[in-house]
Amino acid sequence: MGSPLCCRLSHPNIVQLLETYEDKAKVYLVMELVTGGELFDRIVEKGSYTEKDASGLIRQVLEAVEYMHEQGVVHRDLKPENLLYYSPDDDSKIMISDFGLSKMEDSGIMATACGTPGYVAPEVLAQKPYGKAVDVWSIGVISYILLCGYPPFYDENDANLFAQILKGEFEFDSPYWDEISESAKDFIRNLMCVNVEKRYTCKQALTHPW
C-alpha cells in the first residue's frame, strides 16, 4: 500500500500518523495520542475567545497549514472539529487532524466538491478548479467563529447558504463585534475574500499585524 500523505508530514501542530496496518477488510491507522478534545467543544464551552487567544491559536493553524502547503498538500476540510487540543490544559497547543480529504496538489485538478458546507470556499461551490487558497478561506471562517461564537454564513437551506458563500456575504454584526478590533476584521476580510487572486496566502496571513 502506498504510504498515506500524513506519514511524511511532521510538524508540531499536525497529528502524526505513526504506523499503518492492513488486513483483508480494513486499514488501521496508528495516530499520535492527542487528549485535549476538539476546538469545537471549547468554543461551545467558552462562547468565544479573546482576540489574544484567538490570534495565538490561528497563528499555530496557519503555521501548520503553511507547512502542509509547502509539502504540496491541501487539507480541504479544515473546521473546528478537525482541530484538536494536544492536552486538556488551557494553554495547550492546537493540532490539525483528519486528513481524510487531503490531497496532493499536483495530482490533477482538485475539482471534486468536498469539505463541510459552512467552511467551504466559494470556488469549490462554483465547481471551479481550486488549490491551497481553500484552506485559507476555512481558516478565515474559523477565526470569525472564535471571535464571536457563531458562523459567518448560516442558513437552514443549503441553497441559500451556498448563495451567501458564493457572494462572500457576511457581516460583523452589532453588538457581537462592537468590541473587536478593526485589525481582526481586516484579517478576516483578507482570508474570506471571494477573489482567490486577492485572498491572502498562509505566509501573508502570518505577517498580518493581528
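Residues numbered from 1 in each chain as written. Predicted model: local features only at pLDDT ≥ 70, side-chain atom pairs only at ≥ 80, totals over all residues. Heavy atoms only, no water.

**Side note on the overall build of the protein chain**
- Secondary structure assignment for the protein chain yields 7 helices and 6 strands.
- Going residue by residue from the N terminus, the α and β elements of the protein chain occur as β-β-α-α-β-β-β-β-α-α-α-α-α.
- Each of the 210 residues in the protein chain was classed as buried or not, and the buried ones make up 48%.
- By element, 51% of the accessible surface of the protein chain is carried by carbon and sulfur atoms, the whole surface being about 10,700 Å². (Helix = DSSP H or I, 4+ residues; strand = E, 2+ residues; numbered from the N terminus. Buried < 20%, exposed > 50% of the residue type's maximum accessible area, 1.4 Å probe, protein only. Areas by Shrake-Rupley, 256 points an atom, 1.4 Å probe, with all protein chains shown as cover.)

**Observations concerning the confidence of the model for the protein chain**
- Residues at a pLDDT of 70 or more form 87% of the protein chain, whose mean pLDDT is 86.
- The low-confidence segment residues 1-6 (pLDDT under 50) makes 12 contacts with residues lying over four places distant or belonging to another chain.
- Scored below 50 in pLDDT, residues 100-115 makes 45 contacts in the model with residues more than four places away or belonging to other chains. (pLDDT = per-residue confidence, 0-100. Contact = heavy atoms within 4.5 Å.)

**Considerations on the layout of surface pockets**
- Taken as a whole, the largest pocket holds about 190 Å³ of empty space.
- As for the largest pocket, its lining consists of R42, K46, Y49, K52, D53, G56, L57, Q60, Y85, D90, D91 and S92.
- Secondary-structure elements contributing two or more residues to the lining of the largest pocket are α1 (39-46) and α2 (51-70).
- Looking at the lining of the largest pocket, the element that brings in the most residues is α2, giving 5 residues.
- Residues of the lining of the largest pocket, tallied by class, amount to 3 nonpolar, 3 polar and 6 charged.
- Its volume calculated, the second largest pocket comes out at about 160 Å³.
- Lining of the second largest pocket is provided by E66, H69, E70, K132, A133, V136, V196, R199, Y200, T201, C202 and K203. (1 Å grid on protein atoms, 1.4 Å probe; cavity = no way out; pocket = protein on both sides within 12 Å on 5 of 7 lines; lining within 4 Å. Points joined across faces, edges and corners; volume = space filled by probe spheres on them. Nonpolar A, V, L, I, M, F, W, Y, C, P; charged D, E, K, R; others polar.)

**Points about the pairing of strand β1 (residues 17-22)**
- As paired strands, β1 and strand β2 (residues 27-31) are joined by 5 bridges and run antiparallel to one another. Within β2, the residue paired with T20 across the bridge is L29. (Pairing = 2+ DSSP bridges.)

**So, the environment of C202**
- By secondary structure assignment, the location of C202 is in helix α7 (residues 202-207).
- As a C-alpha pair, C202 and Y67 span 135 residues in sequence and 9.2 Å in three-dimensional space.
- Discounting residues that sit within four places of it in the chain, C202 has contacts with L62, V65, E66, H69 and V136.

**Remarks on the side chain of K185**
- Within the fold, K185 resides in helix α6 (residues 182-191).
- Here K185 occupies a buried position and makes no salt bridge, while the nearest side chain of opposite charge, E182, is found at 4.4 Å.
- A polar side-chain atom of K185 sits 3.2 Å from the main-chain carbonyl oxygen of W177.
- Every residue in contact with K185, bar those within four places of it in the chain, is listed here: F172, W177 and I180. (Lys, Arg positive; Asp, Glu negative; His and termini not counted. Salt bridge = Lys/Arg side-chain N within 4 Å of Asp/Glu carboxyl O. Polar contact = N/O pair within 3.5 Å; in protein donor to acceptor, adjacent residues only side chain to side chain.)

**Observations regarding the pattern of salt bridges**
- In this structure the tally under the stated criterion is 7 salt bridges.
- A salt bridge links E66 to K203; the nearest nitrogen and oxygen atoms lie 2.4 Å apart. Of this pair, E66 sits in helix α2 while K203 sits in helix α7, placing them 137 residues apart in sequence.
- Under the relative-accessibility criterion, E66 is labelled buried at 16%.
- When salt bridges with common partners are traced through the structure, they connect E66, E70 and K203 into a single cluster.

**Description of unusual backbone geometry**
- Following S174, the chain continues into P175 via a peptide bond in cis, with omega recorded as 0 degrees.
- Within the secondary structure, P175 sits in the loop between α5 (158-167) and α6.
- Phi angles above zero are rare outside glycine, and R76 is one such case at about 75 degrees.
- Along the polypeptide, R76 turns up in the loop between β3 (73-74) and β4 (83-85).
- Of the residues examined, R76 reaches a relative accessible area of 11% and is grouped as buried.

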